[in-house]
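# What the coordinates show
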Amino acid sequence: MSRLEIFPDELFLNLFSYIPPTDLYHIWHGLNRRFRAILRSVRISFDLNENTDENTRALNYFSKQIVFIHLRILYKSLDFKQYPNLCSLIIDTKLTKKQLDSIQPINLPCLKRLTFSKWSKDEEILNEIIFNRYSSNKQNFSSLKVYHLPSIPSYFISNTSNLSHIQTMIFDRVTPYDIDLILSLQPILRRLKVTIVRWVPDETIPQISINNKNYQHKHLIHLHTTMNTCNKLDDLYPLLSHIPCLRYLYIACDSLTINDFKQLAFELLTRLPCLERFNCSFKQTYIENIEKLHCMSPLFRHMKCRKVEWSGGWHYYCVTTRNA
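If you're wondering where the values come from, they're calculated on a predicted model, not measured in any experiment. (Residues numbered from 1 in each chain as written. Predicted model: local features only at pLDDT ≥ 70, side-chain atom pairs only at ≥ 80, totals over all residues. Heavy atoms only, no water.)

### Considerations on helix α4 (residues 53-61)
An α-helical turn contains 3.6 residues, so a residue and the one three or four places further along point in the same direction. Among all positions of α4, only Asn55, Ala58, Leu59 and Tyr61 are buried. All buried residues of α4 project into a common sector of 165° when viewed along the axis, lining one side. Looking at the buried residues of α4, the elements they touch are α2 (21-28), α3 (33-39), β1 (44-48) and β2 (66-71). (Buried < 20%, exposed > 50% of the residue type's maximum accessible area, 1.4 Å probe, protein only. Helix = DSSP H or I, 4+ residues; strand = E, 2+ residues; numbered from the N terminus. Arc of directions from axis to C-beta. Contact = heavy atoms within 4.5 Å.)

Structure follows, in structure tokens:
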């Protein structure tokens, strides 16, 4: 028996989780019966950034074991029907209509996270297929828990019943109005991550009126927001009044002053009575006496002012609760 053979199966399972699937297939699966059996127990993650025969053979071999696919390039031969145990799917490229048609609950019953990183208006029509093809609750993605999109698509408004079970939503670009829309249409949403921007609303997307301007969202407990607006945090404060059960809040913004921190401390105290954790990253912000911030609110006690070095000798200051 070789020295390699004396190691337990658990060690190889851990080792194989760090090895690219193509290497697992081409190097390890042909060694002997024991290693083939161990390979059949590995949960496989695929990062597809090139269309090669090696990738295709490994995809076919591990098809029932693949739990994660990050599709970065056009891969027309990829058939999602072959991966019934897929849990997470991230798409950074165009899909064919056939591929979009295959993203169905019957083919992907274990899918928990679905991410479309970007699309054009034409591609949005194709993506709409996923949620427009069914009306029965028995036929929608009941397992889907995380939904990540570049912005709010037009079909979001007309298909909220098919999205109502989702617990986490991520949008890369929304307006303050969009957040009201999300919360009013998703009453059981628990986690929301957004980048808030200010721009002229797209008139091609139907707008709805929010009848109850004083609505209270009872389930949202986690909000991660990046403020990319000219008026800093002003667009955030009205939103906080609608989420009184929030327990965790993360804010990223630029160029705050000591008066902005005073206002933030007041708003958090009065609008979020249940808030337990607060994290932040305020770039281009310098506070000479950081103890002043610590005294404003118990939530600010972990804040620190850091000098962040960039290449070329340039630097900026950042008030943050993070170590890095």
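### Looking at the packing of α2 against α4
The N-to-C vectors of α2 and α4 enclose an angle of 85°; their axes lie 9 Å apart at closest approach. Comparing the axis directions of α2 and α4 gives the class roughly perpendicular. Residues Pro21, Thr22, Tyr25 and His26 of α2 pack against Glu54, Asn55, Arg57, Ala58 and Tyr61 of α4. (Axes fitted to C-alpha atoms, helices over the stretch in contact; angles between N-to-C directions. Parallel < 35°, antiparallel > 145°, perpendicular 65-115°, else oblique.)

### Focus on the sheet that holds strand β10 (residues 277-283)
Taken together, twelve strands build an open sheet; the order of strands is β1-β2-β3-β4-β5-β6-β7-β8-β9-β10-β12-β11 and the sheet is mixed. Edge positions in the sheet fall to β1 and β11 (304-309), since each has one partner strand and no second. Strand after strand, the sheet turns through a mean of 10° between neighbouring axes, direction not considered. Sheet topology places β10 next to strand β12 (residues 315-320); three bridges connect them, and they run antiparallel. (Pairing = 2+ DSSP bridges.)

### As for unusual backbone geometry
The backbone of Ser255 sits at a positive phi, close to 60°, despite the residue not being glycine. Residue position: Ser255 is located in the loop between β9 (248-254) and α10 (258-271). For Ser255, a relative accessible area of 35% corresponds to the partly exposed category. In this model, Gln284 sits at a positive phi of 55°, which is unusual for a non-glycine residue.

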